[in-house]
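Structural characterization, general
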Amino acid sequence: MIPSPISGPIRDPDQALRVLLEGNARFVAGSPEHPNQDAGRRAALAPGQKPFAVLFGCSDSRLAAEIIFDQGLGDLFVVRTAGHVTGAEALGSIEYGVAVLDCPLVVVLGHDSCGAVAAALDSLEGKLPGGFVRDVVERVTPSVLSARAAGIEDRDAIVDEHIRQTVDLLLERSQLLASRVAEGRVGVVGLSYRLHDGQARTVAARGVG
């Protein structure tokens, strides 16, 4: 039997990651418990929230965080952008989840067949998108170039590299995150999600494990 979510507040990075991955295992197995989704939970949360993780993910419609990790209301503080690119608004939202809501875990969630990575690869061949989509692609391109410099050509392996680069970028740009990881109060982990079977696997970890 796959373990159920732990009741009570979660303030340990390793425990938070374990709860997420156990929820994902239930989702993959087709036996989700849909915790914390009833009227009682809704009422209990009205005075305030205490999520146990910040989920910074790609905006892809197939990556609904509470579903794929079998969580409910008030469990996850979710921030999403196309290609999980980090601008000031995303960084500020993540820092809010850590500093104000006291989340012990930050997750960067990417996935295979990522359209933003595909667009960044196309841009290297001169196929640039228009409008603000170009800004998204330009923020993904450094990860693609880093992967190619390391001899990585497989597209899904490039996605993994982009997840790793995003984890490192968060810690480079946010002094708050870096200090809390150094103190052992927060973990930052990169997960790669497989669309065909729903499994999330770890590709980078800082301050957990």
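Since this is a predicted model, take the numbers as computed values, not measurements. (Residues numbered from 1 in each chain as written. Predicted model: local features only at pLDDT ≥ 70, side-chain atom pairs only at ≥ 80, totals over all residues. Heavy atoms only, no water.)

Further remarks concern the overall build of the protein. Helices and strands together make up the secondary structure of the protein, namely eight helices and five strands. Going residue by residue from the N terminus, the α and β elements of the protein occur as α-α-β-α-β-α-β-α-α-α-α-β-β. Over its C-alpha trace the protein gives a radius of gyration of 17 Å, about what one expects of a compact globule, namely 17 Å for 209 residues. On the principal axes, the C-alpha backbone points of the protein span a range of 55 × 40 × 35 Å. Pairs at least 24 residues apart make up 68% of the contacts formed inside the protein by residues separated by at least 6 positions. As displayed, the protein offers around 9700 Å² of accessible surface, 53% of which is attributable to carbon and sulfur atoms. Counting 20 positive and 26 negative side-chain charges, the protein places the centres of these two groups 2 Å from one another. (Helix = DSSP H or I, 4+ residues; strand = E, 2+ residues; numbered from the N terminus. Rg over C-alpha atoms; globule rule 2.2 N^0.38 Å. Contact = heavy atoms within 4.5 Å. Areas by Shrake-Rupley, 256 points an atom, 1.4 Å probe, with all protein chains shown as cover. Lys, Arg positive; Asp, Glu negative; His and termini not counted. Charge placed at Lys NZ, Arg CZ, Asp CG, Glu CD.)

Below, the discussion takes up the pairing of strand S1 (residues 53-58). Taken across its six residues, S1 has six buried, putting it largely inside the fold. Inspection of the sheet shows S1 paired to strand S2 (residues 76-81) by six bridges, in the parallel sense. Across the sheet, residue phenylalanine 56 finds its bridge partner in S2, namely valine 79. Two strands pair when backbone bridges link them, and S1 and strand S3 (residues 105-111) are joined in this way by four bridges, in the parallel orientation. From the neighbouring strand, valine 54 faces S3, where its bridge partner is valine 106. (Buried < 20%, exposed > 50% of the residue type's maximum accessible area, 1.4 Å probe, protein only. Pairing = 2+ DSSP bridges.)

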